[in-house]
Amino acid sequence: MELRHLEHFVTVADEANFTRAAERLFITQSGLSSSIKALERELGASLFERTTRRIKLTAEGRRLYEASAQVLKAVEIARQSVSPADSLSQHTLRVGSVPAGAGVELAQWMRKLYRQHPGLSVELTVRARISELLDMVLNDQLDAAFVTMPERAPTGLLCQPLATHPMILACHRDHRLAGEVSVSLQDLADEDFVDFADDSPTRLANNRAFELAGITRHVRLTCDEIQMALELVAAGVGVALAPRPLAQASRAHIVSVPLREESLVWTSALAIKPGARRSPVVSALLQIVSASEGRPNDDLHRQMDDTSAPTAGGLP
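Scoring rules and cut-offs
Counting starts from 1 at the beginning of each chain's written sequence and moves along it residue by residue. With the structure being a predicted model, the display of local features is reserved for residues of pLDDT at least 70 and the display and counting of side-chain atom pairs for 80 or more, all residues being used for whole-chain, interface and lining totals. Processing note: side-chain calculations cover all non-hydrogen atoms of the structure and skip hydrogens and water entirely. Counting from the N terminus, the helices are the DSSP runs of H or I reaching at least four residues and the strands are the DSSP runs of E reaching at least two. Using a 1.4 Å probe on the protein chains alone, a residue whose accessible area is under 20% of its type maximum counts as buried, one over 50% counts as exposed, and one in between counts as partly exposed. Any two residues whose heavy atoms approach within 4.5 Å at even a single point are treated as in contact. By convention a nonpolar core is built from buried Ala, Val, Leu, Ile, Met, Phe, Trp, Tyr and Cys residues, the set being connected through side-chain atoms within 4.5 Å. Between 30 and 60 degrees the pair is tilted, below 30 it is stacked and above 60 it is edge-to-face, where a pair is any two Phe, Tyr or Trp rings, Trp via its six-membered ring, whose centres lie within 6.5 Å. As a reminder, the over-ring test applies to NZ of lysine and CZ of arginine, requiring each to be within 6 Å of the ring centre and within 35 degrees of the ring normal. Confidence scores here are pLDDT values: one per residue, from the predictor, ranging 0 to 100. For this analysis, a polar contact is any N or O atom pair within 3.5 Å, provided that within protein one partner can donate a hydrogen and the other can accept it, and provided that sequence-adjacent residues contribute only side-chain to side-chain pairs. A pair of strands counts as paired when DSSP detects no fewer than two bridges linking them. Between Lys or Arg on one side and Asp or Glu on the other, a salt bridge is scored when a side-chain nitrogen of the former is within 4 Å of a carboxyl oxygen of the latter.

1. Digging into the overall build of the protein
Then comes step 1: Scanning the protein for helices and strands turns up eleven helices and eleven strands.
Then comes step 2: Counting across all 316 residues of the protein, residues that qualify as buried make up 48%.
Then comes step 3: If you take every contact in the protein between residues at least 6 apart in sequence, the share linking residues at least 24 apart comes to 71%.

2. Re the nonpolar core
Then comes step 1: Among the nonpolar cores identified, the biggest contains 31 residues, and Leu169, Leu188, Phe193, Phe210, Leu241 and Leu259 are the most heavily contacted of them.
Then comes step 2: Of all the secondary-structure elements, those providing two or more residues to this core are strand E6 (158-172), helix H7 (201-212), helix H8 (226-234), strand E9 (240-243), helix H9 (244-248) and strand E10 (254-258).
Then comes step 3: By residue number, the principal contributor to this core is E6, which donates five residues.
Then comes step 4: When sequence neighbours within four positions are dropped, the list of residues in contact with leucine 241 reads Met167, Ile168, Leu169, Leu188, Phe193, Asn206, Phe210, Leu259 and Leu264.
Then comes step 5: Within the second largest apolar cluster, 22 residues are counted, among which are Leu88, Leu93, Ala144 and Phe146.

3. What about the environment of asparagine 207?
Then comes step 1: Note on placement: asparagine 207 falls in helix H7.
Then comes step 2: Placed twelve residues apart in sequence, asparagine 207 and valine 219 show a C-alpha to C-alpha distance of 10.0 Å.

4. A short note on the packing of aromatic side chains
Then comes step 1: Scanning the model with the defined rule gives four aromatic pairs in all.
Then comes step 2: Measuring from ring centre to ring centre gives 5.4 Å for phenylalanine 193 and phenylalanine 210, while their planes differ by 75 degrees; the resulting arrangement is edge-to-face. Here phenylalanine 193 is found in strand E7 (residues 192-195), whereas its partner phenylalanine 210 is found in helix H7, with 17 residues between them in sequence. As far as burial versus exposure is concerned, phenylalanine 193 and phenylalanine 210 are alike and both buried.
Then comes step 3: Aromatic rings pair up to connect Phe9, Phe18 and Phe48 into one cluster.
Then comes step 4: The ring of phenylalanine 193 carries arginine 217 above its face, with NZ or CZ at 4.8 Å from the centroid.

5. Overview of the confidence of the model for the protein
Then comes step 1: Predicted confidence across the protein gives a mean pLDDT of 82, with 86% of residues reaching 70 or more.
Then comes step 2: Confidence, expressed as mean pLDDT per element, reaches its minimum in the protein at helix H11 (residues 298-305) with 50 and its maximum at E7 with 94.
Then comes step 3: This stretch, residues 293-298, has a pLDDT under 50; its non-local contacts, to residues over four places away or in other chains, come to 13 contacts.
Then comes step 4: Note on residues 305-316: pLDDT under 50 across the span, and 35 contacts to partners over four residues away in sequence or across chains.

6. Some details on unusual backbone geometry
Excluding glycine, residues mostly carry a negative phi; peptide bonds, for their part, are mostly trans.
Then comes step 1: Phi is positive for alanine 16, which is not a glycine, with a value near 55 degrees.
Then comes step 2: A relative accessible area of 35% places alanine 16 in the partly exposed class.

7. Describing the side chain of aspartate 195
Then comes step 1: Structurally, the position occupied by aspartate 195 is in strand E7.
Then comes step 2: Here the side chain of aspartate 195 touches arginine 217 through a polar contact of 2.6 Å, side chain to side chain.

8. Let's talk about the pairing of strand E3 (residues 92-97)
Then comes step 1: Looking at chain direction, E3 and strand E4 (residues 121-126) are connected through six bridges and run parallel. Note that in E4 the partner of serine 97 across the bridge is valine 126.
Then comes step 2: Sheet analysis places E3 next to strand E5 (residues 144-148), joined by three bridges and oriented parallel. The residue bridging valine 95 from the neighbouring strand is alanine 144, located in E5.

9. So, the pattern of salt bridges
Then comes step 1: This structure, assessed with the given rule, holds 15 salt bridges.
Then comes step 2: For arginine 4, the salt bridge identified is with glutamate 2, shortest N-O distance 2.7 Å.
Then comes step 3: Judged by relative accessible area, arginine 4 falls into the partly exposed class, the value being 43%.
Then comes step 4: A salt bridge links lysine 73 to aspartate 143, with the nearest nitrogen and oxygen atoms 2.4 Å apart. On the criterion of sequence distance, the pair formed by lysine 73 in helix H4 (residues 59-81) and aspartate 143 in the loop between helix H6 (130-138) and E5 is long-range, its members being 70 residues apart. Like aspartate 143, lysine 73 is buried.
Then comes step 5: By sharing partners, the salt bridges in this structure join Lys73, Arg94 and Asp143 into a single network.

Below is the structure:
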């Protein structure tokens, strides 16, 4: 079984499309098809169900995908382990993030990373749904991801808190509460809200806060992306609870009003597999994160070296 066949197979599975996979691998589509057929012949099993519209993994393909992803990750770590310690040339760091960088200094961290390691390549994947990013880290499609702290991390992942920001009320500048020094959740009982999907950590925390206050609120519109939510607020569709730094950096039509309930906060986190620091590219990222003011110190490195995956804490 050739390593390149496994790489081709995993890429086709990730893209669910031979054309896109061939473009990503910089080979012809016919060459990619031949590679997959050779692997299927060697294994004596069909790996994909092919239709005119899409392809998907067979049961045998799903089992091979899980094993292949682990093999390719191990090969990458082995390759990196014999590279010069002071050079990450020809290496690639695959980082995921929710939109707006999860409230961390992601752009500045990437800038510092490039300055320290000019030969390093970074593939940045942005996804609105946190669950998708966590799955990609878990399945070795990403080395790490910056996300909103989930209520519970999937088994096999560590979600390390990075920064915590208070939630504020974001409203249109003409809103009745725009001139207030602060507001309570009781003041928002009759408002129309823009919020995230039902299963997002921020939505769950918001729901819990209102339930504890004995308030039934009306979520008028849901969306997956914080900037779009704030654009809707700026358009007067409704109000939103948002992390203070993101709300304050938004459109001029939005006013940020502090909440009296200081326990309602928003926490960003780094999702990674325990022990992943053995990869030089991940170690380089952790060094940048640890060196940032107000970020985790060497404890972050020690926790990432742990062989077990503790459960993430929930949002307060």
